[in-house]
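Breakdown of the fold
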Amino acid sequence: METISIINAADHVNEQVKIGVWISNKRSSGKIAFLQLRDGTATFQGVALKNELGETAFAQLTDLAQETSLWVTGTIHADTRSPFGYELAISQFEVVGTSHDYPITPKDHGIDFLLDHRHLWLRSSRPNAIMRIRNEVIRAVYEFFNDRGFIKIDAPILTGSAPEGTTELFKTDYFGQDAYLSQSGQLYGEAGAMAFGKIFTFGPTFRAEKSKTRRHLTELWQLEPEMAWIHQDESLEVQEQLVAYLVQAVIDHCPHELAVLDRDVATLQKYTKLPFPRVSYDDAITLLQANGFDVDWGVDFGSPEETFLAEHFDQPVFVLNYPKAIKAFYMQAHPTRDDVVIAADLLAPEGYGEIIGGSERSTDYDYLKERLLASGQDLQDYEWYLDLRKYGSVPHSGFGMGLERFLAWITLQDHVRETIPFPRMLHRIYP
Ligand code: 4AD
Ligand code: MG
């Protein structure tokens, strides 16, 4: 007899199989018991008959508490009435791990309670579906870039630099020297692009932001491609192709998960239509002002402005060429204007805001030095970075996509905390 996973039930109809499961719910009348069996790959119904199991075994089975683990043996039947399509007629079982008073019951729990029990909450169907979609997106990211000649390089997590400004750093003592948890792999990615042409980094990055918004984590996974010989226009094309590719991968490979989350596939499908609209920062300000927003040229957009812009275009939208004063030191100066840089943010619709930030990078040694000094940084920490402009500097561009922001949008979660297995936020580092 074969040991199988529930997800493969369709391949074993009318066969005797063995499955390792947890009981997620159950109900029984005197003669028949219905158990929701979960093995991590899917959940389906097990049916046990008193007549067949015998009185003692049937009583033992119907007594088992939520999250008891057991081996079940039985026959898979096609069942058109169940949403999963198959069920198990249980003929035998063997308890492996008992469970008492499992804290997460089928009733409603508050979000703080659930986050305190995140180590158990991951077993529930919605978090499970979100983590499977996360896994699919990660898989598709590697596929997309490997198919296009990028190589992945791993940026360090302990660093001496602050690419995104000095106010949001987690500082640590590195054998008597100050070190920081990396805010972004980008600067190392630029060294990689000069060495390998096209690279991506993909790993945890850290922001000591005291923000308590639904878009902020202190530990987030960032995907950061960097491309030598590539100008911003071409980088925007890579960005929109990437987003469309990832959305399509989720549609193709996660239909069950999208159904669990009530995510409308037709809406998602819209986001695979390219190109995405582009609007300049200047025009975005005009548009916002015309629609009653109290914004002056020079401000950074908050969540209401970003929500409006993406809703207005009804698609993810690139906002181009932000004011220099509100963007990072490394961005390429505009060829004819002193007040903006060659940068773009991609804003997601449905209220999700910025999911990608990117730019062309300055190739000018003196300009970068001046910008670093102006932002209060110590040039010594950036000598290696400035070296990239001394030895065969070439035009290059890149971007960073926050995995959790992207996932919150695709899975329609109110808060990014739901899209990472163990979220780190202001006031939360447990569990
Ligand atoms: O816009 P950011 O700060 O850009 C960078 O770090 C660049 N170095 C990227 C690059 O060009 N290589 O961050 C990039 C993305 C944002 O668009 C957002 O999706 C995500 O990272 N992000 C966050 N996600 C969750 N919580 C936070 N606190 C985030 N900060 C940024
Ligand atoms: Mg940004």
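Bear in mind that the values here come from a model prediction, so they are computed numbers and not experimental data.

On to the packing of helix H7 (residues 232-253) against helix H14 (residues 403-411), then. Look at H7 against H14: their axes get within 12 Å of each other, and the N-to-C directions meet at 50 degrees. When the axes of H7 and H14 are compared, the pair comes out oblique. By crossing handedness, the relation of H7 to H14 is classed as right-handed. Residues Val243, Leu246, Val247 and Val250 of H7 pack against Phe406, Trp409 and Ile410 of H14. Grouping the constituent residues of the contact of H7 with H14 by class yields seven nonpolar, no polar and no charged.

Moving on, we get to the site of ligand 1. Taken together, 21 residues lie around ligand 1, and Glu164, Gln186, Arg207, Glu224 and Glu354 are the ones closest in. Glu164 places a side-chain nitrogen or oxygen 2.6 Å from a nitrogen atom of ligand 1. Tyr330 has a polar side-chain atom sitting 3.3 Å from a nitrogen atom of ligand 1. Protein contact buries 94% of the 620 Å² of open area that ligand 1 shows by itself. When contributions to the shell around ligand 1 are tallied by element, the ones reaching two or more residues are strand E12 (219-228), strand E16 (353-360) and strand E17 (396-402). With four residues, E16 is the single largest residue contributor to the shell around ligand 1.

Pairing between strand E2 (residues 16-28) and strand E3 (residues 32-38): six bridges, direction antiparallel. The residue bridging Arg27 from the neighbouring strand is Phe34, located in E3. Linking E2 to E3, which pair antiparallel, is a turn of three residues. Across seven bridges, E3 lies against strand E4 (residues 43-49) in antiparallel orientation. Residue pairing in the sheet places Arg38 in a bridge with Thr43 of E4. If you look at the hairpin formed by E3 and E4, you'll find four residues sitting between the two strands, and Gly40 has a positive phi there, around 95 degrees.

For the rest of this paragraph, the subject is the domain arrangement of the protein. You can read the domains of the protein as domain 1 (2-97) and domain 2 (118-419). Once you take the C-alpha centre of each, domain 1 and domain 2 turn out to be 45 Å apart.

Before going further, it helps to spend a moment on the side chain of Ser161. Tracing the sequence through the fold places Ser161 in the loop between strand E8 (158-159) and strand E9 (171-174). Ser161 sits in the buried class, given a relative accessible area of 2%. Contacts of Ser161, omitting those with residues within four sequence positions, involve Leu169, Tyr180, Leu187, Tyr188 and Tyr382.

Below, the discussion takes up the sheet that holds E17. The mixed open sheet is built from eight strands, whose spatial order is E7-E11-E12-E17-E16-E15-E14-E13. Two strands lie at the open edges of the sheet, namely strand E7 (151-152) and strand E13 (278-280), each paired on one side alone. Inspection of the sheet shows strand E11 (residues 198-206) paired to E12 by nine bridges, in the antiparallel sense. The residue bridging Pro204 from the neighbouring strand is Trp221, located in E12. Seen against the sheet, helix H5 (residues 125-147) touches E7, E11, E12 and E17 and runs at an angle of roughly 155 degrees to E11. Sheet strands touched by helix H6 (residues 186-196): E7, E11, E12 and E17. Its angle to E12, the strand with the most contacts, is close to 30 degrees.

Let us look at unusual backbone geometry. In this structure, the amide linkage connecting Leu274 to the following residue, Pro275, adopts the cis form with an omega of 0 degrees. Structurally, Pro275 can be placed in the loop between helix H9 (265-270) and E13. Looking along the chain, the bond that leaves Tyr430 and enters Pro431 is cis, with omega of -5 degrees. For Trp229, which is not a glycine, the phi torsion comes out positive at approximately 70 degrees. Relative to the helices and strands, Trp229 is located in the loop between E12 and H7. A positive phi angle, near 60 degrees, is found at Leu412, a position not held by glycine. By the secondary structure assignment, Leu412 is in the segment after H14.

What the rule picks out here adds up to 21 salt bridges. For the salt bridge of Lys270 with Asp314, the shortest nitrogen-to-oxygen distance reads 3.2 Å. Placement of Lys270 in helix H9 and of Asp314 in the loop between helix H11 (303-313) and strand E14 (317-320) is noted, with a sequence separation of 44 residues between them. Exposure remark for Lys270: the relative accessible area of 29% places this residue in the partly exposed category. We note a salt bridge from Lys324 to Asp338, for which the minimum N-O separation is 3.6 Å. Pair noted here: Lys324 is in the loop between E14 and strand E15 (343-348) and Asp338 is in the loop between E14 and E15, with a separation of 14 residues, a long-range link. What makes Lys324 buried here is its relative accessible area of 17%. The structure contains a network of salt bridges with shared partners spanning Arg38, Glu67 and Arg123.

Let's shift gears to the sheet that holds E8. One open sheet accounts for three strands, arranged E8-E10-E9; its pairing is antiparallel. Each end of this open sheet is capped by a strand with a single partner; those strands are E8 and E9. Pairing analysis gives two bridges linking E8 to strand E10 (residues 177-181), with the strands arranged antiparallel. Residue pairing across strands places Thr159 opposite Tyr180, the latter belonging to E10.

What counts, and at which threshold
- Residues numbered from 1 in each chain as written.
- Chains lettered and ligands numbered in written order.
- Predicted model: local features only at pLDDT ≥ 70, side-chain atom pairs only at ≥ 80, totals over all residues.
- Heavy atoms only, no water.
- Axes fitted to C-alpha atoms, helices over the stretch in contact; angles between N-to-C directions.
- Helix = DSSP H or I, 4+ residues; strand = E, 2+ residues; numbered from the N terminus.
- Parallel < 35°, antiparallel > 145°, perpendicular 65-115°, else oblique.
- Left-handed = near helix turned anticlockwise from the far one by under 90°.
- Contact = heavy atoms within 4.5 Å.
- Nonpolar A, V, L, I, M, F, W, Y, C, P; charged D, E, K, R; others polar.
- Near = heavy atom within 4 Å.
- Polar contact = N/O pair within 3.5 Å; in protein donor to acceptor, adjacent residues only side chain to side chain.
- Areas by Shrake-Rupley, 256 points an atom, 1.4 Å probe, with all protein chains shown as cover.
- Pairing = 2+ DSSP bridges.
- Domains from an automatic or database assignment.
- Buried < 20%, exposed > 50% of the residue type's maximum accessible area, 1.4 Å probe, protein only.
- Salt bridge = Lys/Arg side-chain N within 4 Å of Asp/Glu carboxyl O.

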